[in-house]
Amino acid sequence: MVYYLIALIVFLLDQGTKYLIATRLELAEQIPVIGNFFLITSHRNSGAAFGILEGQQWFFFLVTIVVVAGIVWYLNKARATRKLLPLALGLVLGGAVGNFLDRMLNGEVVDFLMFNFGSYTFPIFNVADSCIVIGVALIILDSLRDLKGGDEITEVKEVKEVKEGNE
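Quick caveat, the model's predicted, so the values are computed rather than measured.

Asker: Which parts of the structure should I look at to understand the sheet that holds strand E3 (residues 109-117)?
Answerer: Strand pairing in a sheet relies on backbone hydrogen bonds. The paired strands run either parallel or antiparallel. Across the sheet, which stays open at both edges, the four strands sit in the order E1-E2-E3-E4 with antiparallel pairing between neighbours. With partners counted over all chains shown, the strands left at the sheet margins are strand E1 (30-34) and strand E4 (120-121), one partner each. Across six bridges, the pairing between strand E2 (residues 38-45) and E3 is antiparallel. The partner of Arg 44 across the bridge, within E3, is Val 110.

Asker: Whenever I open this one, the UniProt feature "transmembrane region" (unreviewed entry) in the protein confuses me. Can you help?
Answerer: In the UniProt entry, the feature "transmembrane region" (unreviewed entry) is given for residues 58-75, 84-101 and 121-141. Secondary structure across residues 58-75 divides into 100% helix and 0% strand, with the first and last C-alpha atoms of the span separated by 25 Å. The annotated region residues 121-141 carries 71% helix and 5% strand content, and the separation between its end C-alpha atoms amounts to 28 Å.

Asker: What's the story with the UniProt feature "active site" (unreviewed entry) in the protein in this structure? I'm lost.
Answerer: Mapped onto this numbering, the UniProt entry gives "active site" (unreviewed entry) at Asp 111 and Asp 129. These annotated residues cover 19 residues of sequence, and their C-alpha atoms all fall within 8.9 Å of one another, placing them together at a single site. Within the fold, Asp 111 resides in strand E3. What Asp 111 contacts, discounting residues up to four positions off in sequence, is Thr 41, Ser 42, His 43, Asn 45, Ile 124, Phe 125, Asn 126 and Asp 129. Along the polypeptide, Asp 129 turns up in helix H4 (residues 127-147). Aside from chain neighbours lying at most four places away, what touches Asp 129 is Asn 99 and Asp 111. A polar atom in the side chain of Asp 129 sits 2.8 Å from the side chain of Asn 99.

Asker: So what exactly am I meant to see when it comes to the pattern of salt bridges here?
Answerer: A side chain with one charge can pair with a side chain of the opposite charge if their charged atoms come near. Under the counting rule described, the total for this entry stands at two salt bridges. Ionic pairing is found between Asp 14 and Lys 18, a salt bridge with its closest N-O pair at 2.8 Å. Residue Asp 14 and its partner Lys 18 are both found in helix H1 (residues 2-24); the two are separated by four residues, about one turn of the helix. The pair Asp 14 / Lys 18 is uniform in exposure class, with both members buried. For Asp 102, the salt bridge is made with Lys 18, and the minimal N-O distance between the two is 2.8 Å. With Asp 102 in helix H3 (residues 84-106) and Lys 18 in helix H1, this residue pair connects regions lying 84 residues apart in the sequence. A single burial state applies to Asp 102 and to Lys 18, both of which are buried. Among the ionic contacts, a cluster of salt bridges with common partners joins Asp 14, Lys 18 and Asp 102.

What counts as what
- Residues numbered from 1 in each chain as written.
- Predicted model: local features only at pLDDT ≥ 70, side-chain atom pairs only at ≥ 80, totals over all residues.
- Heavy atoms only, no water.
- Pairing = 2+ DSSP bridges.
- Helix = DSSP H or I, 4+ residues; strand = E, 2+ residues; numbered from the N terminus.
- UniProt positions renumbered as here; feature names shortened; annotations may be inferred.
- Contact = heavy atoms within 4.5 Å.
- Polar contact = N/O pair within 3.5 Å; in protein donor to acceptor, adjacent residues only side chain to side chain.
- Salt bridge = Lys/Arg side-chain N within 4 Å of Asp/Glu carboxyl O.
- Buried < 20%, exposed > 50% of the residue type's maximum accessible area, 1.4 Å probe, protein only.

Given below as structure tokens:
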């Protein structure tokens, strides 16, 4: 249940920050936070990450519904035996639902976190995007731990112990 709470917190934080940006800043207005390196801005994105697949709303709806259903199913399955993976899925779930709601209501996502590296501007993003990226990174970390034989897999060990005890 705690992982759904994490998803809810991510969702509320994402929606709250997007609301503040959308209602308090003009489109393309910028507020320097750390010089020209980090700025808060008001930007809209009708595509996916980095503006790809712009205008493909039905594709995003279908993919998000499938991903959210898959996360909920797997979260219910994995939460009893794992710790890192459900946390990661909670972050991805909250972020996915946050961006999904934006697309459903407005046909676009509010982005506002802008980073400049010299003359290069990293694609503008939001809290949901950040949580999705962090969640995916944690999923990869969890998978790498499995490959190294980490102690996260307890279900398989228990089944093996029961079979050995019966023989």
